[in-house]
Amino acid sequence: MRQRRWYGIGLLVAVVALVLGAGALPAQAKSTNKTVTFGQLTNKNTHRLAAIRQAARQQILKQTHAKGSRVNAVYKVKLPTHMTKKATLTPQGLRMNLLANTFKVKQITIPYTQLKGKVGNRYLPKANRTTAIKTTKMVALTFDDGPDKTLTPRLLKTLKKYKVHATFFETGQNVSRYPKISRAVVAGGNEIGNHSWNHPNFNSIGTAKTVSQVTRTNRAIYQATGSLPQYVRPPYGNITAAEGRAIEQPVIRWSVDSRDWAYLNKNKDINEVMKDTRGGDIVLMHDIHAQSVAAVPTIIKRLKAKGYKLVTVSQLLNSQALPGLQYFGAHDYRTVGK
Ligand code: NI
């Protein structure tokens, strides 16, 4: 928005200059476009290039006002895989030319907000650059397997009451059942990630079925919220290296396991989370168990009392999570399958 405004002012200046006949002033708009290679943009990092492809898919859907039924097709659009290919930095965003595709889109412009943490800071406007953050007092609560018809709305009320945000890894099956609840999750300032369609073990179903589980769930989340989810959390944390490369989304694991599904006991859940949680942690819970949801108010109060700020996964990872990598906490990540 800010960029557009400056572009507008730039154009105005150029027009006024022309009208006044001040020929010495160069055409502002022209000089602000710059051609770059993906190698430059990503510092030849293939994970970053995959992140640009992910942002491109979102932009194709957005730019064409595509229905959810088109999500599968967007994964078939040929997107750059070579570092020597070029794009253009414009005041509105990163402009890319596309090869012939079923969306009939020749060109997309990815807003810089979508590229924060994915391409080098020097190519981004100041407002979209990442700056170092301190995570020693940050914790990300995450809730898997929902949305649940009654428990998820109850949890959202709690988060709202304490003015904190969390990340929800939802199954496509449940999102398609309760799309309104998924919308409410996002409307509350929380984040939604992909937790497969119906919770299989990716390690034993193979790459093709894993990709289909992930894509089908992306479609349900897009249908419910209007956006593709950024992250995937594989059921049981299991995913192979080949599957990690194929899904082209960052994998989010956890560093604190509440084991709430095994306890089904509010006080045990509270103790388990409080015993292990430190700054930079990602805490795993489930919003399909009443005891877990009942434990959250006390967990929030106690973490806050220790000075922790409760944030989304994107905030904790400073928007820098990349496809092909899996993240266990703020400073712990490795290649998927390793
Ligand atoms: Ni699960």
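Residues numbered from 1 in each chain as written. Predicted model: local features only at pLDDT ≥ 70, side-chain atom pairs only at ≥ 80, totals over all residues. Heavy atoms only, no water.

J.: Please provide a residue-by-residue account of the overall build of the chain, values included.
T.: Secondary structure summary: the chain contains 14 helices and 13 strands in total. When its C-alpha atoms are laid out on the principal axes, the chain stretches across 75 × 45 × 35 Å. In the chain, buried positions account for 51% of the 338 residues. Put simply, 71% of the contacts in the chain that link residues at least 6 apart link residues at least 24 apart. If you sum the accessible surface of the chain, you get close to 16700 Å²; carbon and sulfur atoms cover 53% of it. Looking at the chain, you have 53 positive and 15 negative side-chain charges, and the mean spots of the two groups are 15 Å apart. (Helix = DSSP H or I, 4+ residues; strand = E, 2+ residues; numbered from the N terminus. Buried < 20%, exposed > 50% of the residue type's maximum accessible area, 1.4 Å probe, protein only. Contact = heavy atoms within 4.5 Å. Areas by Shrake-Rupley, 256 points an atom, 1.4 Å probe, with all protein chains shown as cover. Lys, Arg positive; Asp, Glu negative; His and termini not counted. Charge placed at Lys NZ, Arg CZ, Asp CG, Glu CD.)

J.: Go over the environment of Ile247, please, and point to the residues and values.
T.: The topology assignment puts Ile247 in helix α10 (residues 241-247). As a C-alpha pair, Ile247 and Pro323 span 76 residues in sequence and 7.9 Å in three-dimensional space. Setting aside anything within four residues of it in sequence, one finds Ile247 in contact with Thr210, Val211, Val214, Val232 and Ile239.

J.: An account of the domain arrangement of the chain is needed here, citing residue identities and associated values.
T.: Splitting the chain by domain gives domain 1 (9-128) and domain 2 (138-335). Centre-to-centre, using C-alpha coordinates, domain 1 lies 30 Å away from domain 2. At the junction of the two partners, domain 1 supplies 19 residues and domain 2 supplies 20 residues. Taking both partners together, domain 1 and domain 2 bury about 1700 Å²; carbon and sulfur atoms supply 53% of that area. The tally of links between domain 1 and domain 2 comes to two salt bridges. (Domains from an automatic or database assignment. Buried area = accessible area lost by both parts, 1.4 Å probe. Salt bridge = Lys/Arg side-chain N within 4 Å of Asp/Glu carboxyl O.)

J.: How would you explain unusual backbone geometry if you had to name every residue and give the values?
T.: Look at the link from Gly146 to Pro147: it is a cis peptide, with omega at -5°. Relative to the helices and strands, Pro147 resides in the loop between β5 (138-144) and α6 (151-161). Within the chain, Asp145 stands out as a residue other than glycine whose phi angle is a positive 80°. Phi angles above zero are rare outside glycine, and Asn318 is one such case at about 55°. Its place among the elements puts Asn318 in the loop between α14 (313-316) and β12 (325-329). The class of Asn318 is buried, set by a relative accessible area of 12%.

J.: If you had to explain helix α4 (residues 46-63) to someone new, which residues and values would you point to?
T.: Taking 1.5 Å as the rise per residue, α4 with 18 residues should run 26 Å; its terminal C-alpha atoms sit 25 Å apart, in good agreement. With 13 of 18 residues buried, α4 lies mostly within the body of the structure. With a side-chain oxygen lying 2.8 Å from the backbone nitrogen of His47, the N-terminal cap of α4 falls on Asn45. The first or second residue beyond α4 is His65, which carries a positive phi of 50°. (Expected span 1.5 Å × (residues − 1). Polar contact = N/O pair within 3.5 Å; in protein donor to acceptor, adjacent residues only side chain to side chain.)

J.: Help me get a handle on a positive patch on the surface, residues and values and all.
T.: Together, Lys161, Lys266, Lys301 and Arg302 make up a positively charged patch on the protein surface. Relative to the helices and strands, Lys161 is located in helix α6. (Patch = residues over 30% accessible without salt bridge, like charges linked within 9 Å, V, L, I, M, F, W, Y side chains within 5 Å.)

J.: Hey, could you go over the confidence of the model for the chain for me, with residue numbers and the actual values?
T.: On average, residues of the chain score 92 in pLDDT, and 91% of them are at 70 or above. Scored below 50 in pLDDT, residues 13-29 makes seven contacts in the model with residues more than four places away or belonging to other chains. (pLDDT = per-residue confidence, 0-100.)

J.: So what's going on with the packing of aromatic side chains? Which residues, and what values?
T.: Applying the stated criterion to the full structure yields two aromatic pairs. With centroids separated by 5.3 Å and ring planes inclined at 25°, the aromatic side chains of Tyr327 and Tyr333 adopt a geometry described as stacked. Note on Tyr327: relative accessible area 5%, which makes it buried. Relative accessible area serves as the criterion here: at 51%, Tyr333 is assigned to the exposed category. (Phe/Tyr/Trp six-rings, centres within 6.5 Å; stacked < 30°, edge-to-face > 60°.)

J.: Pulling in residues and values, what's your account of the layout of surface pockets?
T.: The volume enclosed by the largest pocket comes to roughly 880 Å³. Lining the largest pocket are 38 residues; nearest its centre among them are Gln58, Gln114, Ser227, Leu228 and Gln230. Among the elements of the structure, α4, β7 (191-194), α9 (207-225) and α14 are those that each provide at least two residues to the lining of the largest pocket. Looking at which element gives the most residues to the lining of the largest pocket, the answer is α4, with eight residues. Residue composition of the lining of the largest pocket, grouped by class: 14 nonpolar, 18 polar and six charged. (1 Å grid on protein atoms, 1.4 Å probe; cavity = no way out; pocket = protein on both sides within 12 Å on 5 of 7 lines; lining within 4 Å. Points joined across faces, edges and corners; volume = space filled by probe spheres on them. Nonpolar A, V, L, I, M, F, W, Y, C, P; charged D, E, K, R; others polar.)

J.: Account for the environment of Met83, naming residues and giving values.
T.: Looking at the element boundaries, Met83 is found in the loop between α5 (71-74) and β2 (86-89). The spacing of Met83 and Ser314 is 231 residues in sequence and 26 Å in space, taken between C-alpha atoms. For Met83, the residues in contact, after removing those within four places along its chain, are Thr37, Phe38, Gly39, Thr42, Lys44, Asn45, Thr46 and Leu49.

J.: So what's going on with the sheet that holds β2? Which residues, and what values?
T.: Taking strand neighbours across the sheet as the criterion, the four strands line up as β1-β2-β3-β4 in an open arrangement whose pairing is antiparallel. Edge strands, defined here as strands with exactly one partner in the open sheet, are β1 (34-37) and β4 (107-111). Within the sheet, the average angular offset between the axes of one strand and its neighbour, ignoring direction, is 30°. As defined by bridge partners, β2 adjoins strand β3 (residues 93-97) across two bridges and the pair is classed as antiparallel. Looking across to β3, one finds that Thr88 is bridged to Arg95. Across the sheet, α4 touches β3 and β4, and the angle it forms with β4 is around 110°. (Pairing = 2+ DSSP bridges. Axes fitted to C-alpha atoms, helices over the stretch in contact; angles between N-to-C directions.)

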